[in-house]
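# What the coordinates show
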Amino acid sequence: MDDIDGLITRVQSRTVCCVKDNDDIDSSHSMIPHGESTYDEKTQSVRSLDIQFSEIERPIIMEESNQRSELDASPFVSEIFVKHPDEDSDKGDPLGGFLCTGSRSDGTFLHEFCSLQPDGILAKDLSVREKDILVRLNEKNTLGSLEYNHEGILELFRTLPTLKTISMETYNGKSETFTTVEFLLEGTKEEIIVKENSVMLTAQPPLVEALLYQRGNTSLAYQNGQLALCKSANFLTDCTHHFVVKKTLDEGFYNVYTFQVQKNKSKFLGLNGRKLEIIDGTDEAYIKSFQIEKIKRDSFLKPCGKDDMYVYYNKFKGIYEAVSRADALKDEGFGMIIIPTPCQP
């Protein structure tokens, strides 16, 4: 431990701050729908939608460029321990690294791994890398959480079960990849170890998804080099209606998405002025990255850098365009439904 004594002086035993409030949590997270659908040729409508919603994070108020420096300078740095039933020590056994926590102006928390020991469980057995962001731990969403502050995450690690499958998702900024690792812990009175041959590492690939306009029972499609909105009885298998959706984190560590045309990988969804169009992936003049916010049954693309704008369907112009939040929410059903397809990227 001599090589990290300098960090130990920064370890905090107090809680950063946060009182759980279910209403606040719901209002501070957006939802993205995933599910399956079938198409009824007689009624020409989408039916049997079985949609599940998963959380994404809302945009932050603070400037993104400041987030990394604030996280690196955070005073909330603590060694990570796990305690098992046969453990003699109240503290538990070290996992071979430290947790660094930053707090944002919107009250949410960001957690990253730091000062990893090369021969520790985190780095050696679980392939965690320096400055990896903790996204999820055993089905607990930790990225941008209001509930899980510094002490809360340390407690999640400390109480990890033994001989039961543990799942952890991390994000690496250098490679822009999300990785999920599943593993088993087992302990003796001497130490805790990762059970042999129990580690399964999975990189999260991009999804191929269809973007539906529910009021018109149509979906976005790539036709003759242009963006179209049309019906298809086979939109789940017709690649004309498919976009490769890649998720990364922006400089503020919030989810952003790009929508690459499945039929032409050089093309993306993007904003030309306010109009949603097919654009060239190399053209830096257009916005190609979006956040997604779920409001009731509608999912809205929010162009990065324009947090006050929402992409909605203008029924008078017959196009998707970026407008103010107030204009987008005047009526329900003018956003999108985003549905995964069985196609591969």
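Description of the structure in this document. For clarity, every value in this text was computed on a predicted model and none was experimentally measured.

Turning to the packing of aromatic side chains, a few remarks are in order. What the rule picks out here adds up to 8 aromatic pairs. A centroid spacing of 4.3 Å and a plane angle of 40° characterise the contact between Tyr 213 and Tyr 313, whose relative ring orientation is tilted. With Tyr 213 in strand 13 (residues 207-213) and Tyr 313 in strand 22 (residues 309-314), this residue pair connects regions lying 100 residues apart in the sequence. In this pair, the class of Tyr 213 matches that of Tyr 313, namely buried.

Phe 259, Leu 276 and Val 311 are the most contacted members of the largest nonpolar core, which has 30 residues in total. Here the element with the most residues in this core is strand 22; it accounts for 5 residues. If we ignore the near neighbours within four places in the chain, the residues touching Phe 259 are Leu 211, Phe 243, Val 244, Val 245, Lys 267, Phe 268, Leu 269, Phe 290, Ile 292 and Leu 301.

We now examine the environment of His 150. As for its position among the elements, His 150 is in helix 5 (residues 150-158). Exposure remark for His 150: the relative accessible area of 0% places this residue in the buried category. Along the primary structure His 150 and Val 77 are separated by 73 residues, whereas in three dimensions their C-alpha atoms are 8.4 Å apart. Separated by 2.7 Å, the side chains of His 150 and Ser 78 make a polar contact.

Position of Lys 275 relative to the elements: it lies in strand 19 (residues 275-280). The exposure class of Lys 275 is partly exposed, given its relative accessible area of 34%. On a C-alpha basis, the gap between Lys 275 and Tyr 312 in space is 9.9 Å, while along the polypeptide they are 37 residues apart. Not counting residues up to four positions away in its chain, the partners in contact with Lys 275 are Gly 270, Ile 319, Tyr 320 and Glu 321.

Conventions we followed
- Residues numbered from 1 in each chain as written.
- Predicted model: local features only at pLDDT ≥ 70, side-chain atom pairs only at ≥ 80, totals over all residues.
- Heavy atoms only, no water.
- Phe/Tyr/Trp six-rings, centres within 6.5 Å; stacked < 30°, edge-to-face > 60°.
- Helix = DSSP H or I, 4+ residues; strand = E, 2+ residues; numbered from the N terminus.
- Buried < 20%, exposed > 50% of the residue type's maximum accessible area, 1.4 Å probe, protein only.
- Core = buried A, V, L, I, M, F, W, Y, C linked by side-chain atoms within 4.5 Å.
- Contact = heavy atoms within 4.5 Å.
- Polar contact = N/O pair within 3.5 Å; in protein donor to acceptor, adjacent residues only side chain to side chain.

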